[in-house]
Amino acid sequence: MSIQRLPDILVNQIAAGEVVERPSSVVKELIENAIDAGATQVQISINDGGKKLIQIKDDGKGISSEQIGLALERHATSKISTLSELENVNSLGFRGEALPSIASISRFKISSIVASQEHAWQMTCFGGNMGELEPSALQKGTLIEVRDLFYNTPARRKFLKTERTEFNHIDELVKRIALSRFDIAFELIKDGKTVRTMPAALSEIQKEKRIGLLCGPNFVEQSLRVELESSDMKLYGWVGKPTYSRSQADQQYFFINGRMIKDRLIGHAVRQAYRDVLYHGRFSAFVLYLDMNPQSVDVNVHPAKSEVRFRESSRVHDFLFGGLHKALAVTSPGTSSTTEFFDQQSNEGGMQNGATSTPEQSSNQAYTNNLWHQQKEMGLHVSERPQSSYTGFDNKPSPELSLDALAQLKPTQEFNEPVDGSQGPPLGFAIAQLHGIYILAQNSSGLIIVDMHAAHERITYERLKTQYWGQNLQQQKLLVPVVVNVSEKEANLAESKEDSIKKLGFDIDRMSTHELLVRAVPVIFTQSDIQALVMDLLAEWCTHSDSRKIEESTNELFSTMACHGSVRANRLLSIPEMNALLRDMEQTERSDQCNHGRPTWVHMNMKSLDSLFLRGR
Ligand code: ADP
Ligand code: MG
């Protein structure tokens, strides 16, 4: 066969292969055109999962009669005209191929009106063959009808799934687009029945309502508001708290400059940010918007424009990871809105703002300040940021609040009553220990139950990280060095990585093929089972050392270590020790979840307790 130019219709049908995968792709292109035309209302009507009819009506600026034919031609667009405009593109479309592609594989009709013309005009196009321009009765904007998708490409029609599956794809797409533009009203009609109506959402409350409609009412309640800005990037939106995790990655929405994106780099940055706090095998939920200079991101790398390429990808990654990591760090008691009590607080104290609010603004903090102030007046030594040593692991004599001093305060009696009308510390004061596992505490609104091991594990972990990364890991020489039996591989590792081990706060010598001598450990671990700790540490390290630099897995090592440094079940704690643990939780970042993402505490308010006993009915 000799080389020949393909006919236009075939070219368009080939292009349609990339642009139109299924009915929902048509819906995407047509809604995006409506948005680009400045529509404030978009109505989407679907019959038989889009196989029979896809109809999109908008109130945008329309297309003039002279241009309707042009809009259906390949590479015809009103959105860019030069390369520099391509590099600065602000519109969702710019390739000029959606309409001709769709029209080449369907029975297509477009009606449109512009303000300067007396009435609307319409044109049909069956299988890419354009008909005549005719007058139409449309009053405003543009109406596009796509019937019998793939009717002339039977091989592709066979790939269509059931009506229900195709409609679900469309519904998910409409959801995504509705999340990208709160200022536009959307209506989705399925076989003649309205199934979604979303009025324009301008205020923050309306936006949250729309998100609630699309992501479920719990999402907004169980999420943190994010707002971050760097010199040329802005990130905002909602991130689900780690305890609001999901079994699937089905609630992850990311938009760059208003465009919905699925991107590996972004997925990675977000996963990293959650890694510390999410229960293993679970997925986070988020609705996030990244605005950046269009020049820094190439959107012309994918026919459906659902992927992008960043000019400086590591900077984007670091910005996202850093910002989200920090935002998620505020999940500690008193900064989150886990319970009714905290909800009240958050409305006053601005805690809903999550990352943007400073703890000093909250009334909890005001109370705490007050408490420490009182203690000062009572002649007790208190530090600026109270930290106790309830575990006994901290061998350094603490100049800070001692356990005895705390005990003298008889907290459950004296501090039950709110000081100056405020509510008391978020986790209240300990009453008892239950079966060696749980701490029961009372706060101003009810009962708090704390999983003491999980909570302490998080505290130890965060402390290790802070000390290590602050190059302030305190080491303690052991009075009697401890011999540890390990595998030869592990012993070799310990020997060859002496420096890294020192940095982690250990001093370990090799004694023989299988024996190590531990001379010093981080202060946090002086009371722990050192043999078990070192064995676990080296085992964990061995699994990482082959492929990665050990420094990269430090946090995972700390997570393993934290378990050893934490109070075990069945250890009896005194009331002051328990109170000190509660106070430490309040001071510790991310302490709403343990290192594995399980919750560390729950709250039952008086109302729910009363209802257990049918009180007040
Ligand atoms: P692109 O969106 O990449 O420009 P399309 O083939 O999707 O290419 O559309 C071609 C042109 O038709 C657009 O550039 C725009 O000028 C016009 N157009 C398409 N849909 C609409 C609409 N709903 N309202 C107004 N103009 C539209
Ligand atoms: Mg388009």
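See the structure shown above.
The sections below set out a description of the structure shown in this document.

Rules of the game
Residues numbered from 1 in each chain as written. Chains lettered and ligands numbered in written order. Predicted model: local features only at pLDDT ≥ 70, side-chain atom pairs only at ≥ 80, totals over all residues. Heavy atoms only, no water. Helix = DSSP H or I, 4+ residues; strand = E, 2+ residues; numbered from the N terminus. Buried < 20%, exposed > 50% of the residue type's maximum accessible area, 1.4 Å probe, protein only. Contact = heavy atoms within 4.5 Å. Axes fitted to C-alpha atoms, helices over the stretch in contact; angles between N-to-C directions. Parallel < 35°, antiparallel > 145°, perpendicular 65-115°, else oblique. Left-handed = near helix turned anticlockwise from the far one by under 90°. Nonpolar A, V, L, I, M, F, W, Y, C, P; charged D, E, K, R; others polar. Phe/Tyr/Trp six-rings, centres within 6.5 Å; stacked < 30°, edge-to-face > 60°. Polar contact = N/O pair within 3.5 Å; in protein donor to acceptor, adjacent residues only side chain to side chain. Core = buried A, V, L, I, M, F, W, Y, C linked by side-chain atoms within 4.5 Å. Near = heavy atom within 4 Å. Areas by Shrake-Rupley, 256 points an atom, 1.4 Å probe, with all protein chains shown as cover. Expected span 1.5 Å × (residues − 1).

## Observations concerning the overall build of the protein
Secondary structure assignment for the protein yields 22 helices and 23 strands. Buried positions account for 51% of the 617 residues belonging to the protein. Contacts spanning at least 24 positions in sequence make up 70% of the contacts within the protein whose residues lie at least 6 apart.

## Regarding the packing of helix α2 (residues 23-36) against helix α7 (residues 163-180)
Two numbers describe a pair of packed helices, the interaxial angle and the distance between the axes. Closest axis-to-axis distance for the α2/α7 pair is 8 Å, and the angle between their directions is 25°. As summarised for this structure, α2 and α7 are arranged roughly parallel, according to the angle between their axes. Note on packing geometry: the crossing formed by α2 with α7 is right-handed. Contact residues: Pro 23, Ser 24, Val 27, Lys 28, Ile 31 and Ile 35 in α2; Glu 166, His 169, Ile 170, Leu 173, Val 174 and Ile 177 in α7. Here the contact of α2 with α7 is composed, by residue class, of 8 nonpolar, 2 polar and 2 charged.

## Overview of the packing of aromatic side chains
If you walk through the whole model with that rule in mind, you get 7 aromatic pairs. Ring centres 6.2 Å apart and planes at 55° place the aromatic pair Phe 182 and Tyr 289 in the tilted group. Within this pair, whereas Phe 182 is found in the loop between α7 and β8 (185-190), its partner Tyr 289 is found in strand β14 (residues 286-292), the two being separated by 107 residues in sequence. In this structure, Phe 182 and Tyr 289 share a single accessibility class: buried. Pairing Tyr 468 with Phe 558 gives two aromatic rings, centres 5.2 Å apart and planes at 70°, and the pair type is edge-to-face.

## Quick look at the side chain of Ser 136
The residue Ser 136 is located in strand β6 (residues 134-136) in this model. Among the residues examined, Ser 136 registers a relative accessible area of 13% and is labelled buried. In this structure the side chain of Ser 136 is engaged in a polar contact, spanning 3.1 Å, whose partner is the backbone nitrogen of Leu 138. Once residues lying within four places of it in the same chain are set aside, the contact partners of Ser 136 are Ser 111, His 119, Ala 120, Trp 121 and Gln 122.

## Considering the nonpolar core
Residues Val 27, Ile 31, Ile 44 and Phe 108 are the most contacted members of the largest nonpolar core, which totals 58 residues. When residues of this core are assigned to their parent elements, the largest contribution, 7 residues, is made by α7. Residues in contact with Phe 108, not counting those within four places in the same chain, are Leu 72, Leu 99, Ile 102, Ala 103, Met 123, Thr 124, Cys 125, Phe 126, Ile 144, Glu 145 and Val 146. Grouped together as the second largest cluster of nonpolar side chains are 34 residues, Leu 228, Ile 266, Val 297 and Val 330 included.

## Re the site of ligand 1
Every one of the 20 residues lining ligand 1 counts as a neighbour, but Asn 33, Thr 77, Ser 78, Lys 79 and Gly 96 are closest to it. Between ligand 1 and Lys 79, the relevant distance is 2.6 Å, taken from an oxygen atom to a side-chain nitrogen or oxygen of the residue. Leu 99 places a polar main-chain atom, nitrogen or oxygen, 2.9 Å from an oxygen atom of ligand 1. Bound to the protein, ligand 1 loses 93% of the 530 Å² it would expose on its own. Elements supplying a minimum of two residues to the shell around ligand 1: α2 and α5 (98-104). Classifying every residue of the shell around ligand 1 by side-chain character gives 9 nonpolar, 7 polar and 4 charged.

## Re α2
Helix length check: α2, at 14 residues, gives a terminal C-alpha distance of 20 Å against a target of 20 Å (1.5 Å per residue), a fit within 8%. Of all 14 residues making up α2, 12 are buried, and the element is well covered by its neighbours. All of the buried residues along α2 are Pro 23, Ser 24, Ser 25, Val 26, Val 27, Lys 28, Glu 29, Leu 30, Ile 31, Glu 32, Ala 34 and Ile 35. Taken from the residues just after α2, Gly 38 is the one with a positive phi, measuring 80°.

## Some points on the environment of Phe 525
Structurally, Phe 525 can be placed in the loop between β22 (515-522) and α19 (530-545). Judged by its relative accessible area of 0%, Phe 525 is buried. Between the alpha carbons of Phe 525 and Gln 475 there is a distance of 9.2 Å; along the sequence they are 50 residues apart. The contacts of Phe 525, once residues within four sequence positions are left out, are Leu 464, Ile 530, Leu 533, Met 561, His 564 and Gly 565.

## Regarding helix α10 (residues 264-275)
With 12 residues, α10 should cover 16 Å at 1.5 Å per step; its first-to-last C-alpha distance of 16 Å lies within 8% of that length. The inward-facing, buried residues of α10 contact β11 (233-240), β12 (252-256), β14, β16 (309-310) and α11 (313-328). Near the N-terminus of α10, the side chain that reaches the backbone nitrogen of Leu 265, with its oxygen 2.9 Å away, is that of Asp 263.

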